[in-house]
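# Topology and contacts: notes
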Amino acid sequence: MNTANLQLEGLLLAVSNLIEMLRRKGLVTQQEIEETLHEALGAASRDADGRNISPAQGAGMEFPIRFLLTATNLSDGPPQTFSEVAAMIGETRDQDK
């Protein structure tokens, strides 16, 4: 596996845990988190549409945001692994088709 991919996996896990900590401390609400990430998802989608890239590359741009949406929308249980959250995203995308 590409080392950059592993670094991104770690970064996504760290950011999702930081977002969760902010929510637990009452600094942001779940609704604010979701609204912000949906705004980012829309911006990424518009950016992908404006470029000459494939649908798979566009999905790649959106994946980190979908990861954060999924990871920060889980119950207050222990943090999920990257693989667990990625599998949830895959299942959701399969259902959307």
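What counts and how
- Residues numbered from 1 in each chain as written.
- Predicted model: local features only at pLDDT ≥ 70, side-chain atom pairs only at ≥ 80, totals over all residues.
- Heavy atoms only, no water.
- Helix = DSSP H or I, 4+ residues; strand = E, 2+ residues; numbered from the N terminus.
- Rg over C-alpha atoms; globule rule 2.2 N^0.38 Å.
- Buried < 20%, exposed > 50% of the residue type's maximum accessible area, 1.4 Å probe, protein only.
- Core = buried A, V, L, I, M, F, W, Y, C linked by side-chain atoms within 4.5 Å.
- Contact = heavy atoms within 4.5 Å.
- Expected span 1.5 Å × (residues − 1).
- Bend = angle between axes of the 7 residues up to and from the residue.

## Section: the overall build of the protein
On a plain count of helices and strands, the protein comes out with four helices and zero strands. Helices (α) and strands (β) of the protein occur, in sequence order from the N terminus, as α-α-α-α. Scaling as 2.2 N^0.38, a compact globule of 97 residues should have a C-alpha radius of gyration of about 13 Å, and the protein matches this with 14 Å. Dimensions along the principal axes, computed over C-alpha positions, put the protein at roughly 40 × 30 × 25 Å. Counting all 97 residues of the protein, 22% fall into the buried class.

## Focus on the nonpolar core
Core analysis: the biggest nonpolar cluster contains 14 residues, and Leu-12, Leu-37, Ile-65, Phe-67, Leu-68 and Val-85 have the highest contact counts within it. Those elements that provide at least two residues to this core are helix H1 (3–24), helix H2 (30–50), helix H3 (55–71) and helix H4 (82–96). With five residues, the top contributor of residues to this core is H3. Leaving out residues up to four positions away in the same chain, Ile-65 has contacts with Leu-37, Ala-40, Leu-41 and Ala-44.

## Concerning H3
Note: α-helices contain 3.6 residues per turn, so residues at a spacing of three or four share the same orientation. For H3, spanning 17 residues, the distance from its first C-alpha to its last is 23 Å, which sits close to the expected 24 Å at 1.5 Å a residue. Along H3, the largest kink reaches about 40° and is centred on Glu-62; proline Pro-64 follows within four residues of it.

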